[in-house]
Amino acid sequence: MENVTLSSGHSMPLVGLGCWKIENEVAKDTVRAAIKLGYRHFDCAADYGNEAEIGEAFEEAIAAGDVTRKDLFITSKLWNTYHAKEHVQEAIQRTLSDLRVDYLDMYLIHFPLAMKYVPMSEKYPPGAPMGDDGLPEMAKVPIQETWQAMEGLVDAGLVRSIGLANFNCILVTDMMTYARIPPALNQVESHPYLVQPVLRRLLARYNIHMTAYSPFGYPSYQVLGVPFDSKNFLELELVKEIAGRYGKTPAQVALRWNVQKGASVVPKTVTPSRLTENLGVFDFTLTDAEVASIDSLDRNMHFNNVGLPFVWNAPLYE
């Protein structure tokens, strides 16, 4: 496994297991299997609703001597309903309890959208509180307030690095005017249909690492019934031909492409063979021409687009 050193000084594996959409009943066994295969980076979130089961896997793996806590790089995310400074501490304490650890390696603001607070005693995870008009109930909490509370978590030793998710260029640029502790990472959707070249350049300028979620694009959303009329790029002849040259799968090419462009990746799978497959991206190198040919597939297509009417109708992307 290859690692990247973040601006915070901490090292993070370039391939992690994305835990979004891993069903509760298989989450513990999937994470235990992943640890045995060599995974050390786990991308979690309160909103995924499976942190308690994942925490059981961490506790059992450490007790069995498979890993130590220091071997693991554990990411979680602050949900939209906990952006107010008085709720950030409550949110991380619940996540730490569920994951059965006393600190996180990375804590991200999940979305740059502050929503109405929902007490944990009423619903957890709360999802997006919707009003009678069918729109999310928002909260008047500036990102600066949330970020200052996140910085306080670092000061308290509860988090080693802090970062962002789903932040665009304007929001990142604004944050850099006031951040005492700069974000170490921005996790965004990225795949050959969403190359994000401008955002990549901006993040590099500020020494903010980029993590790509949904690196396989449409298949991540097909199971959710997202109505996109788009061909799966893993089935394109271009991608299959490149994969054939190296004796790799199209999925491995997609992962390698993102890694080679300087990003880390957090693909999700519960299939044992694919857990192994997704780690096999460090024994080949794409040519510059192959990278450019994959870049040319870009459609600026966000599958995880919360601005769509059938999601939250809360636009983040132009």
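Residues numbered from 1 in each chain as written. Predicted model: local features only at pLDDT ≥ 70, side-chain atom pairs only at ≥ 80, totals over all residues. Heavy atoms only, no water.

## Observations concerning the side chain of Thr269
Let me state the cut-off plainly: Helix numbering and strand numbering both begin at the N terminus, where a helix is a DSSP run of H or I of at least 4 residues and a strand a DSSP run of E of at least 2. The buried label goes to any residue with under 20% of its type's maximum accessible area, the exposed label to any with over 50%, and the partly exposed label to all in between, with areas taken from a 1.4 Å probe on protein chains only. Side-chain atoms alone can form a polar contact between residues adjacent in sequence; in general such a contact is a pair of N or O atoms within 3.5 Å, and within protein one must be able to donate a hydrogen while the other accepts it. Every residue pair with non-hydrogen atoms within 4.5 Å of one another is taken to be in contact.
One can find Thr269 in the loop between strand S10 (264–265) and helix H10 (272–279). On the accessibility criterion, Thr269 (7% relative accessible area) is buried. Within the structure, the side chain of Thr269 is placed 3.1 Å from the backbone nitrogen of Thr271, a separation counted as a polar contact. Those residues in contact with Thr269 that sit more than four places away from it in its chain are Leu17, Ile22, Thr30, Arg274, Leu275 and Asn278.

## With respect to the pairing of strand S6 (residues 104–109)
Let me state the cut-off plainly: Only when DSSP finds a minimum of two bridges between them are two strands counted as paired. A right-handed crossover is one whose linking path, passing over the helix from the first strand to the second, runs clockwise when the strands point away from the viewer.
Counting buried residues in S6 gives six out of six residues, a clear majority hidden from the surface. With four bridges connecting them, strand S5 (residues 73–78) and S6 associate as parallel partners. Paired with Thr75 across the bridge in S6 is Met106. A crossover links S5 with its parallel partner S6, the connecting element being helix H3 (residues 85–99), and its sense is right-handed. The sheet contact formed by S6 and strand S7 (residues 159–165) spans five bridges and is parallel. Bridge pairing links Leu108 to Gly163 in S7. Read from S6 through helix H4 (residues 143–155) to S7, the crossover connection turns out right-handed.

## Considerations on the pattern of salt bridges
Two side chains bearing opposite charge may form a pair once their charged atoms approach each other closely. The test is simple: Definition used for salt bridges: Asp or Glu carboxyl oxygen within 4 Å of a side-chain nitrogen of Lys or Arg.
In this structure the tally under the stated criterion is 15 salt bridges. Across the pair Arg94 and Asp98 runs a salt bridge, and its minimum N-O distance is 3.1 Å. In this pair, Arg94 and Asp98 are both assigned in helix H3, four residues apart and thus about one turn of the helix distant. Between Glu137 and Lys116 there is a salt bridge, with its nearest N and O atoms 3.9 Å apart.

## Quick word on unusual backbone geometry
For the bond from Tyr124 to Pro125, the omega torsion is -10°, close enough to zero to count as cis. Structurally, Pro125 can be placed in the loop between S6 and H4. Here Asn207, not a glycine, exhibits a phi torsion of approximately 60°, which is positive. Tracing the backbone through its elements, the reader meets Asn207 in the loop between helix H6 (197–205) and strand S9 (209–213).

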